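Architecture and fold: a report
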Protein chains: 2
Amino acid sequence: MSDSHIVSSFDDELDGLRSAISRMGGLVEAQLANSIQAIAKRDDALATQCVEADKAIDDLEDQVEALTLRMLALRQPVAHDLRQILSALKISHDLERMGDYATNVAKRASALSQLPEVGPINGIARMGRLTHRIITDVLDAYTQRDVERAMVAWQRDEEIDQMYTSLFRELLTYMMEDPRNITACAHLLFVAKNIERIGDHATNIAETVYFEETGRRLEGNRPKGDNSSFAVVKPEELSEESS
Amino acid sequence: MSDSHIVSSFDDELDGLRSAISRMGGLVEAQLANSIQAIAKRDDALATQCVEADKAIDDLEDQVEALTLRMLALRQPVAHDLRQILSALKISHDLERMGDYATNVAKRASALSQLPEVGPINGIARMGRLTHRIITDVLDAYTQRDVERAMVAWQRDEEIDQMYTSLFRELLTYMMEDPRNITACAHLLFVAKNIERIGDHATNIAETVYFEETGRRLEGNRPKGDNSSFAVVKPEELSEESS
C-alpha cells in the first residue's frame, strides 16, 4: 500500500515535469511566431510584448530545475526514470535558449522600423515557419515518446541550414546594392542566424528524446546545410550579374 | 571500513569529474586564442587545426555526461554532492558551446583570407583577449571553489558586451564606406557575436559556481552592455561625419 503510494507520487512528479516542459514548448512556439511577425509587420507593441513574455519561459526553466533537483535528491531514480529527469532538465535549457533567440529577434524590431524596408524579410518569414513546424514536431515527439518522429524532425534541420546560407548571400547582395540597406540587412543577418540556432536547439531536443527512450546516444553526424561561414560574396560578381 | 572505502571512492569520482571539467576548460581557452589568431594572421592551417580540435572538447563533454549519469544512478548523492555533479554537467554544456563558437570563428578564416583586410580586426583581437581572461577567471573560481572570484568575472562580462556593441557600429560603418568591405565585415560581425556569446557562457559558469557552493541562485540581473540589437547606423550620418 505504502509502496504503491510512493510509486504513484513519483509518477505524478514525472507528469508534472513533462507538462512543465510542454508548457515551455508552447510558449517558445508562440514567442518565435510573434517575434517574426513583429519584425515583418514592424509592430513595436508586439515586439515589446515578446520581450516581456520571455520571463515566463525563464521562470518555467527555474521550476523545472528545482523540480529535477528535488526528484534526484529525494527519489534517487535509476535507468529510464533517471533519463526522463535528466532529459527534462536538458530540454528545459534548450527551450530557454530558443526563447532567448526569439526574444533577440523581437528586440531588433525597433531598429528595423526606423530603417528602409528590405526584400529578404519574406525569406525570413519562410524560414521562421519551417522552424516553427520542426519545433512542433520535436515537442510532439517528446510528448508521445515517439523516437521515429523525433528523427524525422532531426533530419529536417538541414533545410533550415540551407535557407540560412542562401539568405546570408542574399542579404550581402542587398547591402552591396545600396549602402542604405546595410544596417537593416545586418540586423536581418542576426535574425536569420537566431532562427538557424533555434533550429539547432530543436535538433538537440530530438537527440534527447532519442536518448531518453532508447538509452543510447544518436550515432553519426547530423546532415548540415549551413555553409555560410565559408561564403565569399564580392561586389564585382554583383556587377557582372547585373551587366 | 567498508563505509570509508565507499566515501573515498565517491570522492575519487568527484575529483575525476572536476578534472575533466578543468581539461575541457583548458581546451576551450586554447581554442579561443587559436581561432582568433587564425583569423587575425590569416592562418588557414591553424584554422583547420582548430576545427579538428573541437572534437576533443565534444568527447570530454560526452565523458562528463556518462560519468554524471553513472554517479547519479549508483551513488544517489544529495545536497552539496548532488550540486557538484549537476554543476559539472551544466558547466560541460557551457564549455562545449564555447568550443563550438570558437570553432565557428576559425571556420571564417578561409573566407576572410580571400577578402580585403579590414581595420576592426584589432578590436576583435582585443575583445578576444578580454574574454580569454574572463574564462580563465571563472575556471580558476571553479577549481578553487571561490565564489567571490566567480562574481568578479560575472560582473566583467559587461565590458565584453560594450566592446561588442561598439564593434557592431564600427563594422557597419566600414561596410558603408566601401562595398568591397561588406563580406569581410559580415563575417567579422559574426566573429564578434560569437565571442560575445562565449562571454555569456562564461557568466553562466560563474553562476553555476555560485549555486554549487552556496546552494542558492544568484539574485538580480547581470549588468548588460550589449545594446547592439537596437543600433541604427545610417549612411547619411557617415557622410555628415566625414564632411
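Residues numbered from 1 in each chain as written. Chains lettered and ligands numbered in written order. Predicted model: local features only at pLDDT ≥ 70, side-chain atom pairs only at ≥ 80, totals over all residues. Heavy atoms only, no water.

1. Thoughts on the pattern of salt bridges
Evaluation of the coordinates by the stated rule reveals 32 salt bridges over all chains. A salt bridge links Asp226 of chain A to Lys193 of chain A; the nearest nitrogen and oxygen atoms lie 3.8 Å apart. One end of the pair, Asp226 of chain A, is in the loop between α7 (182-214) and α8 (235-242); the other, Lys193 of chain A, is in helix α7, with 33 residues separating them in the sequence. In terms of burial, Asp226 of chain A and Lys193 of chain A fall into one category: buried. For Glu13 of chain B, the salt bridge goes to Arg75 of chain B, with nearest N and O atoms at 3.4 Å. Highlighted residues: Glu13 of chain B in helix α1 (residues 2-40) and Arg75 of chain B in helix α2 (residues 44-75), separated in sequence by 62 residues. (Salt bridge = Lys/Arg side-chain N within 4 Å of Asp/Glu carboxyl O. Helix = DSSP H or I, 4+ residues; strand = E, 2+ residues; numbered from the N terminus. Buried < 20%, exposed > 50% of the residue type's maximum accessible area, 1.4 Å probe, protein only.)

2. Quick look at the UniProt feature "domain: PhoU" (unreviewed entry) in chain A
Residue and element names in this part refer to chain A. The positions that UniProt labels "domain: PhoU" (unreviewed entry) are, in the present scheme, residues 21-108 and 124-209. Secondary structure content for residues 21-108 is 92% helix and 0% strand, while the C-alpha to C-alpha distance between its ends is 27 Å. Secondary structure across residues 124-209 divides into 93% helix and 0% strand, with the first and last C-alpha atoms of the span separated by 28 Å. (UniProt positions renumbered as here; feature names shortened; annotations may be inferred.)

3. Considerations on the layout of surface pockets
Put simply, the second largest pocket is a space of about 340 Å³. As for the second largest pocket, its lining consists of 22 residues, of which Leu86 and Leu89 of chain A together with Leu86, Leu89 and His93 of chain B are closest to the centre. With six residues, helix α3 (residues 79-107) of chain B is the single largest residue contributor to the lining of the second largest pocket. Tallied by class, the residues present in the lining of the second largest pocket amount to nine nonpolar, six polar and seven charged. (1 Å grid on protein atoms, 1.4 Å probe; cavity = no way out; pocket = protein on both sides within 12 Å on 5 of 7 lines; lining within 4 Å. Points joined across faces, edges and corners; volume = space filled by probe spheres on them. Nonpolar A, V, L, I, M, F, W, Y, C, P; charged D, E, K, R; others polar.)

4. A look at α2 of chain B
Taking 1.5 Å as the rise per residue, α2 of chain B with 32 residues should run 46 Å; its terminal C-alpha atoms sit 47 Å apart, in good agreement. For α2 of chain B, the capping residue at the N-terminal end is Asp43 of chain B, with a side-chain oxygen 3.2 Å from the backbone nitrogen of Ala45 of chain B. (Expected span 1.5 Å × (residues − 1). Polar contact = N/O pair within 3.5 Å; in protein donor to acceptor, adjacent residues only side chain to side chain.)

5. A few points about the relation of the copies chain A and chain B
Mapping chain A onto chain B calls for a screw motion: a turn of 180° about the axis and a shift of 0.0 Å along it, with 0.0 Å RMSD after fitting. When the rotation and shift are considered jointly, the pair of chain copies conforms to a two-fold rotation axis. Considering only C-alpha atoms, the residue of chain A closest to the rotation axis is Gln76 of chain A, which sits at 2.7 Å. When you check the interface residues of chain A against chain B, 100% turn up at the interface there too, and the contact is symmetric in its surfaces. (Least-squares fit on C-alpha atoms with pLDDT ≥ 70 in both. Contact = heavy atoms within 4.5 Å.)

6. Here's the deal with the packing of aromatic side chains
Applying the stated criterion to the full structure yields five aromatic pairs over all chains. Aromatic side chains Phe168 of chain A and Phe190 of chain B sit 6.1 Å apart centroid to centroid with 40° between the ring planes, which places their arrangement in the tilted category. One end of the pair, Phe168 of chain A, is in helix α6 (residues 147-177); the other, Phe190 of chain B, is in helix α7 (residues 182-214), on a second chain. By the burial criterion, Phe168 of chain A is buried, and Phe190 of chain B matches it. Of the aromatic side chains, those joined through ring pairs into one cluster are Tyr164, Phe168 and Phe190 of chain A together with Tyr164, Phe168 and Phe190 of chain B. When the ring centre of Tyr101 of chain A is taken as origin, the NZ or CZ atom of Arg97 of chain A, which lies over that ring, is 4.7 Å away. (Phe/Tyr/Trp six-rings, centres within 6.5 Å; stacked < 30°, edge-to-face > 60°. Lys NZ or Arg CZ within 6 Å of the ring centre and 35° of its normal.)

7. Some thoughts on the interface of chain A and chain B
Contact with chain A, which involves 48 residues of that partner, is made by 48 residues of chain B. The contact between chain A and chain B buries some 4200 Å² in all, and 64% of this surface belongs to carbon and sulfur atoms. Where chain A touches chain B, the interface holds six salt bridges. Glu65 of chain B is paired through a salt bridge with Lys90 of chain A; the nearest N and O atoms lie 2.9 Å apart. Taken together, the connections running from chain A to chain B amount to 16 residue pairs in polar contact (both at pLDDT 80 or more). Of all the secondary-structure elements, those providing two or more residues to the side of chain A that touches chain B are α2 (44-75), α3 (79-107), α4 (109-113), α6, α7 and α8 of chain A. Partitioning the side of chain A that touches chain B into residue classes produces 27 nonpolar, nine polar and 12 charged. (Buried area = accessible area lost by both parts, 1.4 Å probe.)

8. A few points about the state of the cysteines
Counted according to the given criterion, the structure contains zero disulfides over all chains. The cysteine Cys185 of chain B is free of any disulfide, with Cys185 of chain A supplying the nearest cysteine sulfur at 14 Å. Judged by its relative accessible area of 0%, Cys185 of chain B falls in the buried class. (Disulfide = S-S within 2.5 Å.)

9. Considering unusual backbone geometry
For residues other than glycine, phi is negative in most cases, and the peptide bonds are mostly trans. In this structure, Arg145 of chain A takes a positive phi of about 50° despite not being glycine. Secondary-structure assignment places Arg145 of chain A in the loop between α5 (121-144) and α6. Taking the relative accessible area as the measure of exposure, Arg145 of chain A reaches 34% and is therefore partly exposed. Residues other than glycine seldom take positive phi values, yet Ala79 of chain B does so here, at roughly 50°. The topology assignment puts Ala79 of chain B in helix α3.

10. Notes on the side chain of Asn104 of chain A
You can see Asn104 of chain A is positioned in helix α3. Reaching out from Asn104 of chain A, the side chain makes a polar contact with the side chain of Arg108 of chain A at a distance of 3.0 Å. Setting aside anything within four residues of it in sequence, one finds Asn104 of chain A in contact with Asn194 of chain A together with Ser229 of chain B.

11. So, the packing of α5 of chain A against α6 of chain A
Residues and elements named next belong to chain A. Viewed as axis vectors pointing N to C, α5 and α6 meet at an angle of 165°, and their least axial separation amounts to 9 Å. The pairing of α5 with α6 is recorded here as roughly antiparallel in orientation. Considering only the axes of α5 and α6, their crossing is left-handed. Grouping the amino acids of the contact of α5 with α6 by side-chain chemistry returns 12 nonpolar, three polar and eight charged. (Axes fitted to C-alpha atoms, helices over the stretch in contact; angles between N-to-C directions. Parallel < 35°, antiparallel > 145°, perpendicular 65-115°, else oblique. Left-handed = near helix turned anticlockwise from the far one by under 90°.)

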